[in-house]
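Below, each chain spelled out in residue letters.
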Amino acid sequence: MRANCWTGKRSVEVRDVPDPTILNRRDAIVEISSTAICGSDLHLYNGFIPTMRDGDVLGHEFMGEVVEVGRGVENLSVGDRVVVPFPIACGVCGACERGMTALCENSNPNAGIAEKLMGHSPAALFGYSHMLGGYPGGQAEYARVPFADFGALKVDDLPDDKVLFLSDIFPTGYMGADMAEVGPGDVVAVWGAGPVGQFAIASCFLRGAERVIAIDRFDYRLRLAEQTGAETLDYEQVSVPEALTEMTGGRGPDKCIDAVGMEAHHAAGALHAYDRAKQATGLETDRPHVLREAVMSCANGGIVSVIGVYGGFTDKFPMGSFMNRYLTMRAGQCHVHRYMPRLLEHVGNGDIDPSFVVTHRMSLDDAPTGYRTFLEKVDGCEKVVLTP
Ligand code: NAD
Ligand code: ZN
Ligand code: ZN
């Protein structure tokens, strides 16, 4: 089959690779109808996530038709249309039982590598390094889905565009709002108006937020956020902490969501040069500019919710501000399984049409162009969907 492979820093290639086969009784094979490129893929593309190897099949946002099931899969049949969550989860371990499927204790065969870096291993993810399982991803014609009886969500006849993002970015944005306990009356600031930020904004409004302030530097992304009802700040034009203080009567936003992560960009200045140099030389793995701003901007007693991905260690974390002002921080890869059913209901009810982020459609063979366009944020690119 054809599959989009990681071949080194800033390099992907669509290659012929072996077809996946059923290996375990709870596996299913899915013929992929739609797959997308994620901001998380850009961290791999830019070489910031360790333990990638030449030829690794990328992709963790995908859906399609079940073409084969293992003997242990009783709730799926050949021909079912399914969306697959990006974390691989067994459904029966302690973490899964508590709904924390991104921390499944049974899916990562390479947990030992992750433990060295993080202390304990989270769940494996599709197409996301050997440290996180080494599973081939879904930017391909077919994928093997482990624990398919627990993970794959049947979507009946809803069109791909409306349900594909249940695999990741819609639940992730929603979890950003959920971790921040966003509710009626809240003023929320969201850093990053990429696809994840857009779904965080939409989710804040679904949960009754009063105001959402979106922060980015790409005008077309801020315009999209405005269409969802957000106010906007261009961080190249203003000092974000000062502007947020001013917009909130001096208190700061009640909730702050980081939808940017480890590759945050700075308008200018010494701190960006410092972070870039430390990241380049391996003294710091992540550039925590947004994290620092979110902590410093958040109202006293507020919540900082981190859905942007971080890989290792950060520097100059404002611990004094965090401690003295009774802030709370929550962070995590998304427990997609937990949120999928309720978000599918929102889509079915017409509360939201997730296809609003799609700007580019390409064939799987054009994945290299898709990665470049999405990375460089050119041609008004918000989200790229690939069709095998
Ligand atoms: P993206 O690259 O399209 O968007 C990131 C946006 O952040 C860009 O628009 C960029 O201009 C903006 N940005 C950069 N520096 C900024 C700054 N200093 N202030 C404000 N905005 C800034 O990526 P995406 O697909 O939207 O993903 C965003 C993040 O979410 C990534 O880190 C990705 O890995 C992560 N993610 C996490 C999960 C999870 O489960 N937690 C799931 C999916 C994606
Ligand atoms: Zn993703
Ligand atoms: Zn589990």
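Think of each chain on its own: its residues are numbered from 1, step by step along the sequence as written. Chains carry letters and ligands carry numbers; both start at the beginning, A for chains and 1 for ligands, and go up in the order they are written. Selection of residues for local features in this predicted model requires a pLDDT of at least 70, selection of side-chain atom pairs for listing and counting requires 80 or more, and totals for whole chains, interfaces and linings are taken over all residues. Hydrogens and water are ignored here; the side-chain numbers use all heavy atoms of the structure.

Undergrad: Residues and numbers for the overall build of the protein chain, please.
TA: For the purposes of this entry, the term helix denotes a DSSP run of H or I that reaches at least four residues, the term strand denotes a run of E that reaches at least two, and both are numbered from the N terminus. Counting secondary structure elements, the protein chain contains 14 helices and 18 strands. Based on C-alpha atoms, the radius of gyration is set beside the globule rule, defined as 2.2 Å times the residue count to the power 0.38. Its C-alpha radius of gyration of 20 Å places the protein chain within 12% of the 21 Å reference for a compact globule of 388 residues. Taken along its principal axes, the extent of the C-alpha atoms in the protein chain is 60 × 50 × 45 Å. For each residue, the accessible area found with a 1.4 Å probe, counting protein chains only, is set against the maximum for its type, and the residue is called buried under 20%, exposed over 50%, and partly exposed in between. Out of the 388 residues in the protein chain, the part that is buried amounts to 57%. Considering only contacts in the protein chain between residues 6 or more positions apart, those separated by 24 or more positions represent 72%. Per-residue accessibility takes into account occlusion by the displayed protein chains alone, with areas from the Shrake-Rupley method and a 1.4 Å probe. Working note: accessible area of the protein chain is about 15400 Å², and carbon and sulfur atoms make up 49% of it. Contacts are assigned to residue pairs with any non-hydrogen atoms lying within 4.5 Å of each other.

Undergrad: Could you give an account of unusual backbone geometry, naming the residues involved and the relevant values?
TA: A positive phi is found at T51, a non-glycine position, where the angle reads about 70 degrees. Checked against the element boundaries, T51 lands in the loop between α1 (39–45) and β4 (56–57). Among the residues examined, T51 registers a relative accessible area of 30% and is labelled partly exposed. Phi is positive for Y326, close to 55 degrees, though the residue is something other than glycine. Note on placement: Y326 falls in the loop between α12 (319–324) and β16 (328–331). On the accessibility criterion, Y326 (67% relative accessible area) is exposed.

Undergrad: Please give an account of the coordination of the zinc ion (ligand 2) that cites residues and values.
TA: Think of the donor list as every N, O and S atom within 2.8 Å of the metal, or within 3.2 Å for Na, K and Ca; water never makes the list, so a site can look incomplete. Those donors, C38 (SG), H60 (NE2), E61 (OE) and D168 (OD), are the protein atoms that reach the zinc ion (ligand 2), and they lie 1.8 to 2.5 Å from it. What the 4 donor atoms of the zinc ion (ligand 2) show is an angle range of 83 to 134 degrees at the metal, which sorts the shape as irregular. Within one chain, the residues donating to the zinc ion (ligand 2) are spaced in sequence as C-x21-H-E-x106-D. Here the residue C38 occupies a position in the loop between β3 (28–36) and α1, and H60 occupies one in the loop between β4 and β5 (61–69), the gap between them amounting to 22 residues. Its relative accessible area of 2% is what places C38 among the buried residues. For H60, a relative accessible area of 2% gives the class buried. Metal sites are grouped by the angles between bound donors: all angles between 85 and 135 degrees with four donors is tetrahedral, opposite donors over 155 degrees apart with the others between 65 and 115 is square planar for four donors and octahedral for six, and any other pattern is irregular.

Undergrad: Outline the packing of aromatic side chains, supporting the account with residue identities and numerical values.
TA: Between 30 and 60 degrees the pair is tilted, below 30 it is stacked and above 60 it is edge-to-face, where a pair is any two Phe, Tyr or Trp rings, Trp via its six-membered ring, whose centres lie within 6.5 Å. Applying the stated criterion across every chain, the model contains 8 aromatic pairs. Ring centres of F218 and Y220 lie 6.1 Å apart, and the angle between their planes is 55 degrees; on these two criteria the pair is classed as tilted. The exposure class of Y220 is partly exposed, given its relative accessible area of 24%. Ring pairing ties together the aromatic residues F165, F170, F199 and F356, which thus form one cluster. Only Lys NZ and Arg CZ are tested; either one counts as a charge over a ring when it is within 6 Å of the ring centre and within 35 degrees of the ring normal. Here K377 stacks its cationic end above the ring of F374, 4.8 Å away from the centre of that ring.

Undergrad: Got a sec to walk through the domain arrangement of the protein chain? Specific residues and values, please.
TA: It is common to report an interface's size as the accessible area lost on association of the parts. For each domain, the first and last residues come from an automatic or database assignment. Per the domain assignment, the segments making up the protein chain are domain 1 (2–168 + 334–387) and domain 2 (170–331). Each of domain 1 and domain 2 has a C-alpha centre, and these two points are 25 Å apart. Tallying the contact residues gives 31 residues for domain 1 and 26 residues for domain 2. We define buried area as the total accessible area lost by two parts upon association, computed with a 1.4 Å probe and summed across both. For the pair domain 1 and domain 2, the summed buried surface comes to about 2500 Å²; carbon and sulfur atoms form 69% of the total. When a carboxyl oxygen of Asp or Glu is within 4 Å of a side-chain nitrogen of Lys or Arg, the pair counts as a salt bridge. Connecting domain 1 to domain 2 are 1 salt bridge. E382 serves as the salt-bridge partner of R221, at 3.5 Å between the closest nitrogen and oxygen. A 3.5 Å cut-off defines polar contacts: any pair of N or O atoms within that distance qualifies, except that in protein one atom must be a possible hydrogen donor and the other a possible acceptor, and neighbouring residues in sequence count only when both atoms are side-chain atoms. Across the domain 1-domain 2 interface, the total number found is 8 residue pairs in polar contact (both at pLDDT 80 or more). For the side of domain 1 that touches domain 2, the elements supplying multiple residues, two or more each, are α1 and α13 (336–349).

Undergrad: Please set out the state of the cysteines residue by residue, giving values where relevant.
TA: Cysteine sulfur pairs qualify as disulfides if the two atoms are within 2.5 Å. As enumerated under the stated definition, the model contains 0 disulfides in all. The cysteine C256 is free of any disulfide, with C298 supplying the nearest cysteine sulfur at 4.0 Å. By relative accessible area, which is 0% here, C256 ends up buried. Sulfur of C381: no disulfide; nearest cysteine sulfur belongs to C38 and is 12 Å away. For C381, a relative accessible area of 0% puts it in the buried group.

Undergrad: I'd like a rundown of the coordination of the zinc ion (ligand 3), residues and numbers included.
TA: Every protein donor of the zinc ion (ligand 3) is accounted for by C90 (SG), C93 (SG), C96 (SG) and C104 (SG), and the metal-donor separations fall at 2.3 to 2.4 Å. One way to put it: the 4 donor atoms around the zinc ion (ligand 3) meet at angles of 103 to 117 degrees, and that makes the site tetrahedral. Written as a sequence motif, the donor residues of the zinc ion (ligand 3) are C-x2-C-x2-C-x7-C. Residue C93 shares its accessibility class with C96, and that shared class is buried.

Undergrad: Please set out the pattern of salt bridges residue by residue, giving values where relevant.
TA: For the structure shown, the criterion picks out 18 salt bridges. Residue D80 pairs with K154 through a salt bridge whose shortest N-O separation is 3.8 Å. Taken together, the residues span a long stretch of sequence, with D80 in the loop between β5 and β6 (81–84) and K154 in strand β10 (residues 153–154) at a distance of 74 residues. The closest approach of N and O atoms between D160 and R81, which form a salt bridge, is 2.6 Å. Note that D160 is positioned in helix α5 (residues 160–163) and R81 in strand β6, a separation of 79 residues in sequence. Taking relative accessible area as the criterion, D160 reaches 16% and is therefore assigned buried.

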